[in-house]
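# A structural walkthrough
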Amino acid sequence: MNKTKLGISTGLLAALAYFAGCFSGYLLLFLVAGYVLLKEEDEWLRKNVVKAVALMVVFSVATCVLGLIPELISWINSGFAIINVSLYAIPFVGTILLSKLTDLISFLTGAIGIVETVAFLLLGLSALKQKDVKISPIDKMIEKYM
């Protein structure tokens, strides 16, 4: 079992990075990642910490893109309000289409949150055992840039 310069196992530190991404957010994850990238030489540990950061960014971008849709609808509605027209007053568009679209976006945002939590928990638990879980697009990106 490999040890870090802190005296703990590399698996525990990698798990800490994943759990930080799951429970704490960017600040603690970036602190852990910064320490690992600056001070630790274990390649497995470095790749797992970068994978945790990359996954956190991917989930944040997905949530952000979904969040743009209601903002876009609100912006368009504001434009129509200039000429005293509301998208929500249009019979089919406002009452059915926009409300269902809002419900769908809310459902998808919740699903992303659940998938993110499960992914970070599973990756953290596998990191404790120092096992790799392959996530092809993320792993390919890490191999390319590290």
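Scroll up for the structure.
All of the points below concern the structure found in this document. (Residues numbered from 1 in each chain as written. Predicted model: local features only at pLDDT ≥ 70, side-chain atom pairs only at ≥ 80, totals over all residues. Heavy atoms only, no water.)

Let us look at the packing of aromatic side chains. Following the criterion strictly, the structure yields four aromatic pairs and no others. Measuring from centroid to centroid gives 6.2 Å for phenylalanine 19 and phenylalanine 23, while their planes differ by 35°, and the two rings are tilted. In this pair, phenylalanine 19 and phenylalanine 23 are both assigned in helix α1 (residues 10–24), four residues apart and thus about one turn of the helix distant. Between phenylalanine 59 and phenylalanine 120, the ring centres sit 6.4 Å apart and the planes meet at 55°, which makes this aromatic pair tilted. Here the residue phenylalanine 59 occupies a position in helix α3 (residues 43–81), and phenylalanine 120 occupies one in helix α4 (residues 91–128), the gap between them amounting to 61 residues. (Phe/Tyr/Trp six-rings, centres within 6.5 Å; stacked < 30°, edge-to-face > 60°. Helix = DSSP H or I, 4+ residues; strand = E, 2+ residues; numbered from the N terminus.)

Right, let's talk about unusual backbone geometry for a bit. Within the chain, glutamine 130 stands out as a residue other than glycine whose phi angle is a positive 55°. On the secondary structure map, glutamine 130 appears in the loop between α4 and α5 (136–145). Overall, glutamine 130 belongs to the partly exposed group, its relative accessible area being 29%. (Buried < 20%, exposed > 50% of the residue type's maximum accessible area, 1.4 Å probe, protein only.)

Quick look at the nonpolar core now. Core analysis: the largest hydrophobic core is formed by 28 residues, its most contacted members being Leu29, Leu45 and Phe120. Element by element, the count of residues in this core is highest for α3, at ten residues. Look past the residues within four positions of leucine 45 in its chain and what remains in contact with it is Thr4, Thr10, Leu13, Ala14, Val36 and Glu40. (Core = buried A, V, L, I, M, F, W, Y, C linked by side-chain atoms within 4.5 Å. Contact = heavy atoms within 4.5 Å.)

Attention now moves to a nonpolar patch on the surface. The grouping of Leu72, Trp75, Ile76, Phe80, Ile82, Ile83, Val85 and Ile90 at the surface amounts to a nonpolar patch, some 790 Å² of accessible area in total. Here isoleucine 82 lies in the loop between α3 and α4. (Patch = residues over 30% accessible without salt bridge, like charges linked within 9 Å, V, L, I, M, F, W, Y side chains within 5 Å. Areas by Shrake-Rupley, 256 points an atom, 1.4 Å probe, with all protein chains shown as cover. Salt bridge = Lys/Arg side-chain N within 4 Å of Asp/Glu carboxyl O.)

This paragraph deals with the environment of threonine 109. Checked against the element boundaries, threonine 109 lands in helix α4. A relative accessible area of 29% places threonine 109 in the partly exposed class. With 50 residues separating them in the primary sequence, threonine 109 and phenylalanine 59 have C-alpha atoms 9.9 Å apart. Setting aside its immediate chain neighbours within four residues, threonine 109 contacts Thr63 and Leu66.

Honestly, it's all geometry; don't read function into it.
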